[in-house]
Amino acid sequence: MNKGKILVVDDDAFFRKVFTDHLSSAGFNVTGVSSGAVALNIIENEPVDLVITDLVMPEMSGVDLLHKVKQHNSLIDVIVVTGHGSIESAIEALKTGAFDYIRKPVNEIELLHTVERCMEMKKILEENQGMKRSLKLYEASRVITTTLDVMKLYDVVVDVFMQSVPCQAGFVIVYEPGVKRFDIKTLRHLNIDAAEALAGGFKTLMDKLIRTAGHVSAMPIAELKGVEHEELENYSHLLVAPFLRHSASCGFMVLLGDAGWGNEDLASATFIAEHAAQSFENAQNFSDAKQTAFIDSLTGLYNAKYLEVAIDREVKRADRLLAPLTVLFLDIDDFKNVNDSNDHLIGSRVLIELGKLILKCVREVDTVIRYGGDEYVVVLVDADFNVAQHIAERIRSSTEKQIFLEDEGSDIRLTVSIGLATYPVHTRDKLEIIKIADKAMYRAKNASKNAVFLAPMPPAA
């Protein structure tokens, strides 16, 4: 007798076979696969009751697979498998929605007990449709509330809505009242032109929808004026659920169907929308906090913590586009004299003004960082050392000509020493490039100050 369909996911063939043999002997229909990608393909095309996945796998981790499984169908249970050294990851998986965890090496009795307990609970739920519906909504909301990346959250929200509320297509739009503009963030089973045509029709209802934010609305598509698109002829009704509201924008989940929705469907949509609203607020707060951690409190520029992030991002971009990037390391000459002749408050304001001057000398795509004290680092994208030398010279010359705090009656003059190093010419090591630029800066300072110095070219291989 078949007791349920189980998918075992592990890149280790030995453990995959151990799990498969134990579970098959117990009467379960078991399929073993070596990667999360293969597992997701099966889940999207076949009914699966339970996924047992190793936590540590290449390309897609067990936690990532857990997220995607729950995003596809929150009622598929997931048991994670962990080594003794990564219990913290297993606990984190439980918070995200895993049913339980099992430790390697596998104990057959523990494995079968955990799986039988999971299947028994699933059977009880199937016999109680009301409980099943409530659990599905609870699990769906947990998928949403554990997502802290705003852009990923749009995808999660649309998938959760579509598995919880009967519909054929859906998309997320954000409306910015100040500029009267719609921005379609993500869509499912709908052409972008059709979604834009439908979004355009909301203009006649937008004031009402904003006033009633928090309330789910269902209506015939025919009520929207001026909406014409061939693809929309396949649907007769739409459901609009507001899930995001703040001073700048309102977000809406739009579902399309060929029939209306009952009270239970509207209640489900309201439940998910409320959790989505809170999740977007949490994700935005998380993003703001992360951003604040990378901002220098004095100058408002990025701080030294952000340098590694910026270098890592731009090196990957340079490799992808086969384009160079150059790092400028800048130090103020004899800045101690400014503090000694005035006070540290004046010195701080000079540092702020210099930061603004550097920003004016570079492009918007470049990154300016206050490295610490009177040192600054500039990451110049798509810039070889020839281009970078022109930019560095512009900074040096502008600094030399500037009268700092002139508006306050001061006459403070500064010069800077700047070192340059270019990736991948000087090195292919993303951290070494900073050290090379730093050494070049000191050579400029030791030679004459108020100078730009290009790091020596490495010897030809």
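Residues numbered from 1 in each chain as written. Predicted model: local features only at pLDDT ≥ 70, side-chain atom pairs only at ≥ 80, totals over all residues. Heavy atoms only, no water.

Asks: I'd like a rundown of the overall build of the chain, residues and numbers included.
Replies: Looking only at helices and strands, the chain features 15 helices and 15 strands. Relative to its length of 461 residues, the chain is extended, with a C-alpha radius of gyration of 29 Å against a globular reference of 23 Å. Counting all 461 residues of the chain, 49% fall into the buried class. Counting only contacts in the chain whose residues sit at least 6 apart along the sequence, the fraction spanning at least 24 positions is 64%. Put simply, the chain shows about 22700 Å² of open surface, and 51% of that area lies on carbon and sulfur atoms. In the chain, which carries 49 positive and 66 negative side-chain charges, the distance between the mean positions of the two groups comes to 2 Å. (Helix = DSSP H or I, 4+ residues; strand = E, 2+ residues; numbered from the N terminus. Rg over C-alpha atoms; globule rule 2.2 N^0.38 Å. Buried < 20%, exposed > 50% of the residue type's maximum accessible area, 1.4 Å probe, protein only. Contact = heavy atoms within 4.5 Å. Areas by Shrake-Rupley, 256 points an atom, 1.4 Å probe, with all protein chains shown as cover. Lys, Arg positive; Asp, Glu negative; His and termini not counted. Charge placed at Lys NZ, Arg CZ, Asp CG, Glu CD.)

Asks: Summarise the sheet that holds strand 13 (residues 375-381); cite the residues concerned and give the values.
Replies: One open sheet accounts for 5 strands, arranged 12-13-11-14-15; its pairing is mixed. The sheet is open, and its two borders are formed by strand 12 (367-372) and strand 15 (452-454), each paired with just one other strand. Looking at each pair of strands side by side, their axes are set apart by 20 degrees on average, direction ignored. Note that strand 12 and strand 13 share 5 bridges and pair antiparallel. For Ile 369, the partnering residue across the bridge sits in strand 13 and is Val 377. (Pairing = 2+ DSSP bridges. Axes fitted to C-alpha atoms, helices over the stretch in contact; angles between N-to-C directions.)

Asks: Explain the pattern of salt bridges to me, and be specific about the residues and the numbers.
Replies: Tallied over the entire structure, the rule returns 24 salt bridges. For the salt bridge of Asp 382 with Arg 317, the shortest nitrogen-to-oxygen distance reads 3.2 Å. One end of the pair, Asp 382, is in the loop between strand 13 and helix 14 (385-401); the other, Arg 317, is in helix 11 (residues 304-321), and 65 residues separate them in sequence. We classify Asp 382 as partly exposed; its relative accessible area is 39%. Exposure remark for Arg 317: the relative accessible area of 27% places this residue in the partly exposed category. Note that Asp 331 is salt-bridged to Lys 445, the shortest N-O span being 2.7 Å. Taken together, the residues span a long stretch of sequence, with Asp 331 in strand 11 (residues 325-332) and Lys 445 in helix 15 (residues 432-447) at a distance of 114 residues. By relative accessible area, Lys 445 is classed as buried at 15%. The network of salt bridges with common partners includes Asp 10, Asp 54 and Lys 104. (Salt bridge = Lys/Arg side-chain N within 4 Å of Asp/Glu carboxyl O.)

Asks: So what's going on with the packing of aromatic side chains? Which residues, and what values?
Replies: What the rule picks out here adds up to 5 aromatic pairs. Ring centres of Phe 14 and Phe 15 lie 5.3 Å apart, and the angle between their planes is 75 degrees; on these two criteria the pair is classed as edge-to-face. Consider the rings of Phe 329 and Tyr 371, whose centres lie 5.2 Å apart with planes at 70 degrees: the pair is edge-to-face. Residue Phe 329 is located in strand 11, and its partner Tyr 371 is located in strand 12; the two are separated by 42 residues in the primary sequence. Ring-pair connections join several aromatic residues into one group, and the members of that group are Phe 294, Tyr 302 and Tyr 306. (Phe/Tyr/Trp six-rings, centres within 6.5 Å; stacked < 30°, edge-to-face > 60°.)

Asks: Give a detailed account of helix 10 (residues 263-293), specifying residues and quantitative values.
Replies: When the terminal C-alpha atoms of helix 10 are compared, their 45 Å separation across 31 residues agrees well with the 45 Å that a helix rising 1.5 Å per residue should span. Listed as buried for helix 10 are Asp 265, Ser 268, Ala 269, Ile 272, Ala 273, Ala 276, Ser 279, Phe 280 and Ala 283. (Expected span 1.5 Å × (residues − 1).)

Asks: Describe the packing of helix 13 (residues 344-361) against helix 14, and please don't skip the residues or the numbers.
Replies: For the pair helix 13 and helix 14, interaxial distance at closest approach is 9 Å and the crossing angle is 140 degrees. For the element pair helix 13 / helix 14, the angle class is oblique. Considering the relative orientation of helix 13 and helix 14, their crossing is right-handed. When helix 13 is examined against helix 14, the residues Leu 354, Leu 357, Ile 358 and Cys 361 are found in contact with a partner set consisting of Ile 391, Arg 394, Ile 395, Ser 398 and Thr 399. (Parallel < 35°, antiparallel > 145°, perpendicular 65-115°, else oblique. Left-handed = near helix turned anticlockwise from the far one by under 90°.)

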